[in-house]
Amino acid sequence: KAKAKAKAKAKAKAKEAASEETEAAAKGKATTTKEKEKKKKMAEDADAASKRSEGKHEKEKETAAADGAKPKKKKEKTVTAAAAAATKKGEADRGADDADAASNAATAKKEEVDWVPASEKTLTSDAARDDALKRSYDVCVVGAGLSGAVIAERYASLLGKTSLIVEKRDHIGGNCFDYVDADTDVRVSKYGAHLFHTKYDRVWEYVHRFGNWTPYEHKVIGEIDGKFVPIPVNIDTVNELFDLKIEDSKQMDEWLEKEQVKYDREPKNSEEMALSRVGRRLYDLIFKPYTFKQWAKYPKELGPEVTARIPVRNDFDGRYFADPHQALPSDGYTSLFKNMFDRKEITVLTQTDYFDVKDRMKCREKLYFSGPIDAYFASKGLDKLEYRSLHFERGVKKDTEHFQPAAVVNHPGADRPYTRIVEYKHLLDQKSPHTVYFAETSSDAGEPYYPVPNKKNKDLYKKYQALAKKEADDVTFVGRLANYKYFNMD
């Protein structure tokens with residue numbers, strides 16, 4: 001009887017478990033069906049909005065032709081009006097749900113999808129690596145990005161000295177690396193948009209030695225409260241967001257003066273810096289939410305330099321940078337690096353981790369290290385420095401002129417996880433029947449991009465800096481990761 005009772009009890013439990021599994025499967029199936037229907041609806045909405053936008057554009061051209069004139073180029077002051085036309089309900093949300101879903105999917109993935117065609121990579125065979133490591137070099141360089149490329153090129157051109165560059169990635173160019181997207185024939189950047197600008201004539205002359213450049217003045221639009229407005233803040237931004245009619249710099253200065261929070265000392269953090277420059281309303285709308293999404297810290301937790309870097313304009317200038325020299329390499333950044341490395345004195349090994357081969361490297365004079373400084377001194381037992389990374393989710397729109405009104409659209413609001421969407425077709429006025437875009441989401445995990453400038457990290461970096469000084473005769477630490485500091489490209 002006891003055995004029969006136990007058997008009956010076990011059978012009942014099994015039946016109950018099977019029932020639960022069946023119910024869960026049914027729910028899962030229903031959820032999957034709903035998700036598919038939702039995605040299908042989002043795609044249909046985005047396509048419809050895109051067609052409306054294209055139809056409107058064609059109608060404008062036809063109207064202009066009927067008037068016997070070509071479509072006129074709008075004045076700089078009207079950039080907001082042009083962008084605002086895209087903020088009508090159907091177009092402001094165009095593709096936003098798609099990108100939102102894509103960004104959420106990207107965050108859920110443990111690894112990024114590699115969209116780079118093999119033909120665009122620079123690969124090193126085991127035999128070539130072994131052969132290169134048998135030879136001696138005047139200097140050795142860790143990292144084939146901007147710092148490493150310039151150092152090796154200068155040693156070769158000015159001194160005729162040899163360099164060995166080791167790069168752990170499967171390509172040259174560091175974070176500037178770009179390639180042609182296979183589905184759209186549009187040149188894109190793997191690690192986010194890079195815009196070259198400088199005020200230095202000597203730097204401008206130097207970069208022109210390695211390729212042709214196309215003038216390009218970068219403009220960014222932010223989607224705020226359902227409106228597309230210029231970023232950085234200028235007169236158009238304020239007029240659009242607060243329904244004002246500021247007409248000149250004098251009026252803008254007066255408005256800013258009333259908005260700004262006054263301190264009897266220098267701002268101590270990024271919150272105080274932003275409040276002292278733009279006041280509470282713009283801070284709450286743009287600076288505070290965007291900073292938190294980018295850094296996972298509120299502005300008051302970061303040094304003042306973070307928000308101090310963001311320009312604020314008292315005119316209608318919609319450019320992101322004010323430097324006299326602004327351009328993009330006509331054939332892409334990767335081509336530029338290939339030309340810099342095209343010397344007999346320079347040897348580059350990709351897919352080669354410095355820490356795996358450092359005991360085999362023969363450097364007669366010096367080592368230049370451009371990786372994270374805490375990785376170099378990992379054996380010293382100090383805490384790791386904090387870096388922010390980026391995750392990219394790619395989207396393609398077939399038979400679509402443009403996905404959004406500008407190359408870069410920032411999304412400061414907390415309602416979406418991504419900080420910005422970059423559509424590369426806008427850059428260099430590239431031609432393709434299709435377009436490709438990338439939604440960028442900040443993260444603590446992944447490749448290190450940005451040093452996190454708060455007091456804890458600054459104090460910790462000083463300890464690493466002290467270790468670096470002890471090796472100054474043999475090793476020089478270069479670049480943003482090794483110096484734990486943000487640098488512009490120039």
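Draft legend 1. How the structure looks around the overall build of the protein chain. When its secondary structure is counted, the protein chain shows 16 helices and 17 strands. For the protein chain, buried positions account for 46% of its 490 residues. Sequence separation of 24 or more characterises 74% of the internal contacts of the protein chain that already satisfy a separation of 6 or more. Counting every atom, the protein chain has about 26,400 Å² of accessible surface; 51% of that belongs to carbon and sulfur.

Draft legend 2. Spatial organisation of the packing of helix 8 (residues 235–242) against helix 9 (residues 249–259). Running from amino to carboxyl end, helix 8 crosses helix 9 at an angle of 60°, the nearest separation of the two axes being 11 Å. Compared by their axis directions, helix 8 and helix 9 come out oblique. Crossing angle aside, the handedness with which helix 8 passes helix 9 is left-handed. Each of Ile235, Val238 and Phe242 in helix 8 lies in contact with helix 9, whose residues at this interface are Ser249, Met252 and Trp255. Partitioning the contact of helix 8 with helix 9 into residue classes produces 5 nonpolar, 1 polar and no charged.

Draft legend 3. Here's a closer look at the environment of Ser157. Along the polypeptide, Ser157 turns up in helix 6 (residues 146–159). Classification of Ser157 as partly exposed rests on a relative accessible area of 31%. Between the alpha carbons of Ser157 and Glu345 there is a distance of 8.9 Å; along the sequence they are 188 residues apart. Among the polar contacts made by the side chain of Ser157, one reaches the side chain of Glu153 at a distance of 2.4 Å.

Draft legend 4. Looking closely at the sheet that holds strand 8 (residues 227–231). Read across the open sheet, the 7 strands follow the order 8-7-13-14-15-12-16; overall the sheet is mixed. Both edges of this open sheet fall to strand 8 and strand 16 (450–451), since each of them pairs with a single strand only. With 4 bridges joining them, strand 14 (residues 420–423) and strand 15 (residues 435–443) adopt antiparallel strand pairing. Each residue of the ladder has a partner; that of Ile421, found in strand 15, is Ala439.

Draft legend 5. Fine view of the state of the cysteines. Evaluated as defined, the whole model comprises 1 disulfide. Residue pairing for Cys140: its cysteine sulfur links by disulfide to Cys363, the two sulfurs lying 2.0 Å apart. Linking Cys140 and Cys363, the disulfide has an S-S dihedral of approximately -105° and is accordingly described as left-handed. Taken together, the residues Cys140 in strand 1 (residues 136–142) and Cys363 in strand 11 (residues 362–369) connect sequence positions 223 residues apart. You can call Cys363 partly exposed: its relative accessible area is 31%.

Draft legend 6. Quick peek at the confidence of the model for the protein chain. Looking at the protein chain, the pLDDT average stands at 84 and 77% of residues meet or exceed 70. Long-range and interchain partners of residues 17–46, a stretch whose pLDDT sits below 50, account for 8 contacts in this model, where long-range means more than four residues apart. Every residue in residues 48–110 scores below 50 in pLDDT, and together they form 77 contacts with partners more than four places removed in sequence or on other chains.

Rules and cut-offs
- Residues numbered from 1 in each chain as written.
- Predicted model: local features only at pLDDT ≥ 70, side-chain atom pairs only at ≥ 80, totals over all residues.
- Heavy atoms only, no water.
- Helix = DSSP H or I, 4+ residues; strand = E, 2+ residues; numbered from the N terminus.
- Buried < 20%, exposed > 50% of the residue type's maximum accessible area, 1.4 Å probe, protein only.
- Contact = heavy atoms within 4.5 Å.
- Areas by Shrake-Rupley, 256 points an atom, 1.4 Å probe, with all protein chains shown as cover.
- Axes fitted to C-alpha atoms, helices over the stretch in contact; angles between N-to-C directions.
- Parallel < 35°, antiparallel > 145°, perpendicular 65-115°, else oblique.
- Left-handed = near helix turned anticlockwise from the far one by under 90°.
- Nonpolar A, V, L, I, M, F, W, Y, C, P; charged D, E, K, R; others polar.
- Polar contact = N/O pair within 3.5 Å; in protein donor to acceptor, adjacent residues only side chain to side chain.
- Pairing = 2+ DSSP bridges.
- Disulfide = S-S within 2.5 Å.
- pLDDT = per-residue confidence, 0-100.

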